[in-house]
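As a plain string of letters, each chain reads:
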Amino acid sequence: MNPRLKNLYKEVILMHNAKPFHFQKMENEEGMIEANNPLCGDRFQFFLQEENGRITAAHFHGFGCAISKASASILTQKLEGKTRLEAQSLCAGFLGFIEGENREAISDQEIEAFAAVDEFPARKDCAILGWKAINDYLSK
Amino acid sequence: MTLPQNIKSHFPIFTHHPGLLYFDNAATTQRPQVVIEAIEKFYKEENANIHRGVYPLSARASQAYERVRAQVANFIGAANSKDVAFTSGTTDSINRVASGYLKKQLEEGDNIIISALAHHANLIPWQMLAEEKKAELRVISVDAQGNVDLNELLKKLDRRSRLLAITSISNSIGTLNPVAEMIDLAHRKGVPVLVDGAQSTGLYPLNVRTLGADFYTFSAHKMFGPFGVGVLYVRPRYQDQIKPIHFGGGMIKRVQFSKTEFLDFPKNQEAGTPNVAGVIGLGAAISFCEKLDQVQCAKHLKSLAAYAKEAFASIDGLHLVGQPKDYGGIVSFTMDQVHPHDLAQFLGEEGIAVRAGHHCTQPLLESMGLAATTRASFSIYNSTAEIDQMLEALKAIKKFWE
Ligand SMILES: Cc1ncc(COP(=O)(O)O)c(C=O)c1O
């Protein structure tokens, strides 16, 4: 595999793609958050359980490429246990990171793994698919 | 005549990207040198607006523009250059038929028939219109292989059918439709037919009159011409029923503050300054196609697709999407464990240009239980040797993702 691809499809990303966190359809239809990319048809559903303003459990399901699936998996994992406010700042931080902002401020290997989308601008939408949907949901 | 041996050398893109395997021809083809030159020559030596100036440059530009209209008419088998309007592309042409023609014909309870293979451009305009007029959009389904069922078409046609809109070749799974038979069935019920010829025009034999198409649409950029130009052919008997949807200069007989009289078709479709250089480029693209033998081209594309299908299907876990009886140079597939986008990204890094996604046929793929496929679409400059290269790349990708 060429170095550019290796850089995009990092070990963490491949791992999350192969074994996504809490990848499971849930019952609570009303609490479902849809993330969908009309350009390619990729689509995920997120299911958040909230108690007293805290996300106690997060699951996701759906269909997407390795980049979008891994990023959704990482997102789901990070959401659990966070307050709404913390979750919102997490999402805003990731979205900013993908746009190239405050790179130095982030020291999280799983988030940094997505830096290579700089070289593949068409894949930015894949990286942010879930994050953007959750961010929109939380800002409502 | 068979395909010219050195066909690839006519396309400068391959000089600039010697290793490029360009398999995204259904999205847009590459341009031959003669087309690029014709456009450049127009801007450098012949540029002027048309139908405006009386000075020689403008008069010559107007003549050149009208010569292409005659050339298009001749190439597609229309009787008269007056049967051909220039548009910005297939999408534009179809929207003109929907809003300029069918909107006036359609009443509550009427129906419009399309096939499940339709590109979004040949679906949404009808869906919008049906919704607005409380008419019904009827969809002829396809079988598991991707063939349309003519019996179903026959059942769906009735007294209230106002248009059948079909596609010559599915851009998504390659099905080559029995367009002539479908038109014949519709005409027996007195229903006019629009043919979306975007994927076939240029490389397949075509005569709109023997075919019987009432409306025929295509885009220059899918047949070696420039972006931003397309054609709408309208059969003479419908020409006074297709009204303009854009208004402005160049399309009028007489304008008063209280009312306007419009020119007849096709001029009433060409409001404002048209893409003159684009039309000149389309003319050059047609001249290029006229030197090809369309029967040979069609054979070449089908044999490339057949070769690719057999080669790709030999990979364990690779599934062809659609196995239609008759097909063009388009092969769609999925690979277990690998999302189409990731697959296309890996191929892209190997210099292999393919498309991943729903190919603007989302309902079709959904009906097949899919959200996306990887698609290789061929043109005259592609070869079986290139397909062999792609096969090797696919094998390597499969290995990586296992
Ligand atoms: C079958 C078919 N119809 C319509 C279109 C739309 O053509 P354009 O985008 O040039 O208007 C396409 C192009 O993707 C197509 O393949």
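For every chain, the first residue of its written sequence is number 1, and the numbers climb from 1 along that sequence. For this description, chains carry letters from A and ligands carry numbers from 1, given in the order in which they are written. Per-residue local features of the predicted model are confined to residues with pLDDT of at least 70, and side-chain atom pairs are confined, for both listing and counting, to 80 or more; whole-chain, interface and lining totals are unaffected and use all residues. The basis for every side-chain value is the complete set of non-hydrogen atoms in the structure, without hydrogens or water.

1. A word on the domain arrangement of chain B
Residues and elements named next belong to chain B.
Phase 1 of the analysis: Residue ranges assigned to the domains are those given by an automatic or database domain assignment. When its domains are assigned, chain B resolves into domain 1 (7-31 + 293-401) and domain 2 (36-290).
Phase 2 of the analysis: For domain 1 and domain 2, the distance between their C-alpha centroids amounts to 28 Å.
Phase 3 of the analysis: Here, residues are in contact when the closest pair of their heavy atoms is within 4.5 Å. Taken together, the contact between domain 1 and domain 2 spans 39 residues of the former and 35 residues of the latter.
Phase 4 of the analysis: Across the domain 1/domain 2 interface, buried area totals approximately 2900 Å², and carbon plus sulfur atoms make up 59% of it.
Phase 5 of the analysis: Any Lys or Arg side-chain nitrogen located within 4 Å of an Asp or Glu carboxyl oxygen qualifies as a salt bridge. On the surface where domain 1 and domain 2 come into contact, there are zero salt bridges.
Phase 6 of the analysis: Two N or O atoms form a polar contact when they lie within 3.5 Å of each other; inside protein one atom must be a possible hydrogen donor and the other a possible acceptor, and for residues adjacent in sequence the pair counts only when both atoms belong to side chains. Where domain 1 touches domain 2, the interface holds 21 residue pairs in polar contact (both at pLDDT 80 or more). Here the quantity called buried area is the total loss of accessible area, with a 1.4 Å probe, experienced by two parts when brought into contact, counted for both.

2. A word on the state of the cysteines
Phase 1 of the analysis: The criterion for a disulfide is a pair of cysteine sulfur atoms lying within 2.5 Å. Applying the stated criterion to the full structure yields zero disulfides over all chains.
Phase 2 of the analysis: Residue Cys 297 of chain B stays outside any disulfide, its sulfur separated by 7.5 Å from that of Cys 289 of chain B, the closest cysteine.
Phase 3 of the analysis: Cysteine Cys 360 of chain B remains unbridged, with the sulfur of Cys 40 of chain A as its closest cysteine sulfur at 12 Å.

3. Things to note about the confidence of the model for chain A
Phase 1 of the analysis: On a scale of 0 to 100, pLDDT captures the predictor's confidence in every residue. For chain A, per-residue confidence averages 92 on the pLDDT scale, and 100% of positions sit at 70 or higher.
Phase 2 of the analysis: The secondary structure listing takes helices from DSSP runs of H or I that are at least 4 residues long and strands from runs of E that are at least 2 residues long, numbered from the N terminus. Highest mean pLDDT in chain A belongs to helix 3 (residues 66-79) of chain A (96); lowest belongs to helix 1 (residues 3-8) of chain A (91).

4. A word on the packing of aromatic side chains
Residue and element names in this part refer to chain B.
Phase 1 of the analysis: Each Phe, Tyr or Trp ring, with Trp reduced to its six-membered ring, pairs with another whose centre is within 6.5 Å; inter-plane angles below 30 degrees give stacked pairs, above 60 give edge-to-face pairs, and intermediate values give tilted ones. In this structure the tally under the stated criterion is 25 aromatic pairs over all chains.
Phase 2 of the analysis: When the ring of Phe 11 is compared with that of Phe 288, the centres are 5.6 Å apart and the planes differ by 90°; the resulting orientation is edge-to-face. Of this pair, Phe 11 sits in the segment before helix 1 (13-16) while Phe 288 sits in helix 9 (residues 276-290), placing them 277 residues apart in sequence.
Phase 3 of the analysis: For each residue, the accessible area found with a 1.4 Å probe, counting protein chains only, is set against the maximum for its type, and the residue is called buried under 20%, exposed over 50%, and partly exposed in between. We classify Phe 288 as buried; its relative accessible area is 9%.
Phase 4 of the analysis: Ring pairs connect the aromatic residues Phe 11, Phe 14, Phe 224, Phe 288 and Tyr 381, which therefore count as one cluster.
Phase 5 of the analysis: One cation-aromatic arrangement involves Lys 302 over Tyr 327; the distance from NZ or CZ to the ring centre is 5.2 Å. Either the NZ atom of lysine or the CZ atom of arginine qualifies as a charge over a ring when it sits within 6 Å of the ring centre and within 35 degrees of the ring normal.

5. Re the environment of Gly 64 of chain A
Phase 1 of the analysis: Looking at the element boundaries, Gly 64 of chain A is found in the loop between strand 3 (54-63) and helix 3.
Phase 2 of the analysis: On the basis of relative accessibility, which here comes to 10%, the residue Gly 64 of chain A falls in the buried class.
Phase 3 of the analysis: In sequence terms Gly 64 of chain A and Asn 37 of chain A are 27 residues apart; their C-alpha atoms lie 9.2 Å from each other.
Phase 4 of the analysis: Among residues more than four places away in sequence, those in contact with Gly 64 of chain A are Asp 42, Phe 44 and Lys 69 of chain A together with His 339 of chain B.

6. A word on the interface of chain B and chain A
Phase 1 of the analysis: At the junction of the two partners, chain B supplies 15 residues and chain A supplies 22 residues.
Phase 2 of the analysis: Buried area between chain B and chain A, both sides added, is near 1400 Å², and the carbon and sulfur share of it is 58%.
Phase 3 of the analysis: If you look at where chain B meets chain A, you find two salt bridges.
Phase 4 of the analysis: Counting the contacts that link chain B with chain A gives nine residue pairs in polar contact (both at pLDDT 80 or more).
Phase 5 of the analysis: For the side of chain B that touches chain A, the secondary structure elements donating two or more residues are helix 11 (340-349), helix 12 (362-367) and helix 13 (384-401) of chain B.

7. A word on the site of the ligand
Residue and element names in this part refer to chain B.
Phase 1 of the analysis: Residues are counted as near a molecule or strand when any one of their heavy atoms sits within 4 Å of it. Looking at the ligand, the residues that line it are Thr 90, Thr 91, His 119, Thr 167, Asn 171, Asp 196, Ala 198, Gln 199, Ser 219, His 221 and Lys 222.
Phase 2 of the analysis: In the model, an oxygen atom of the ligand is placed 3.4 Å from a nitrogen or oxygen of the Thr 90 main chain.
Phase 3 of the analysis: A distance of 2.8 Å is found between an oxygen atom of the ligand and a side-chain nitrogen or oxygen belonging to His 221.
Phase 4 of the analysis: For every accessible area listed, the method is Shrake-Rupley and the probe measures 1.4 Å; residues are considered covered only by the protein chains on display. Starting from 390 Å² of accessible surface for the ligand in isolation, the protein chains cover 85%.
Phase 5 of the analysis: Here the shell around the ligand is built from residues that sort into one nonpolar, eight polar and two charged. Note on residue categories: nonpolar means Ala, Val, Leu, Ile, Met, Phe, Trp, Tyr, Cys or Pro, charged means Asp, Glu, Lys or Arg, and polar means any other residue, Gly included.

8. Let's talk about the packing of helix 11 of chain B against helix 13 of chain B
Residues and elements named next belong to chain B.
Phase 1 of the analysis: Running from N to C, helix 11 and helix 13 cross one another at 125°; their axes reach a closest spacing of 10 Å. Accordingly, the angle class assigned to the pair helix 11 and helix 13 is oblique. For the element pair helix 11 and helix 13, the recorded crossing hand is right-handed. Taken together, the residues of helix 13 that come into contact with helix 11 (itself represented by Asp 342, Leu 343, Phe 346 and Leu 347) are Met 390, Ala 393, Leu 394, Ile 397, Phe 400 and Trp 401. Helix axes are fitted only over the stretch in contact, all axes being lines through C-alpha atoms; the angle between N-to-C directions runs from 0 to 180 degrees. Note that the term roughly parallel is reserved for angles under 35 degrees, roughly antiparallel for angles over 145, roughly perpendicular for angles of 65 to 115, and oblique for everything else. With the far helix as reference, a near helix turned anticlockwise by less than a right angle produces a left-handed crossing, and one turned clockwise produces a right-handed crossing.

9. Looking at unusual backbone geometry
Phase 1 of the analysis: A cis amide bond, omega 5°, links Phe 265 of chain B with the succeeding residue Pro 266 of chain B.
Phase 2 of the analysis: Along the chain, the position of Pro 266 of chain B falls in the loop between strand 10 (260-262) and helix 9.
Phase 3 of the analysis: One non-glycine residue, Asn 52 of chain A, adopts positive backbone phi at about 50°.
Phase 4 of the analysis: You can see Asn 52 of chain A is positioned in the loop between strand 2 (42-51) and strand 3.
Phase 5 of the analysis: What makes Asn 52 of chain A exposed here is its relative accessible area of 86%.
Phase 6 of the analysis: Phi at His 359 of chain B takes a positive value of approximately 55°, unusual for a residue other than glycine.
Phase 7 of the analysis: Within the fold, His 359 of chain B resides in the loop between strand 14 (355-357) and helix 12.
Phase 8 of the analysis: Residue classification places His 359 of chain B among the buried residues on the basis of a relative accessible area of 4%.

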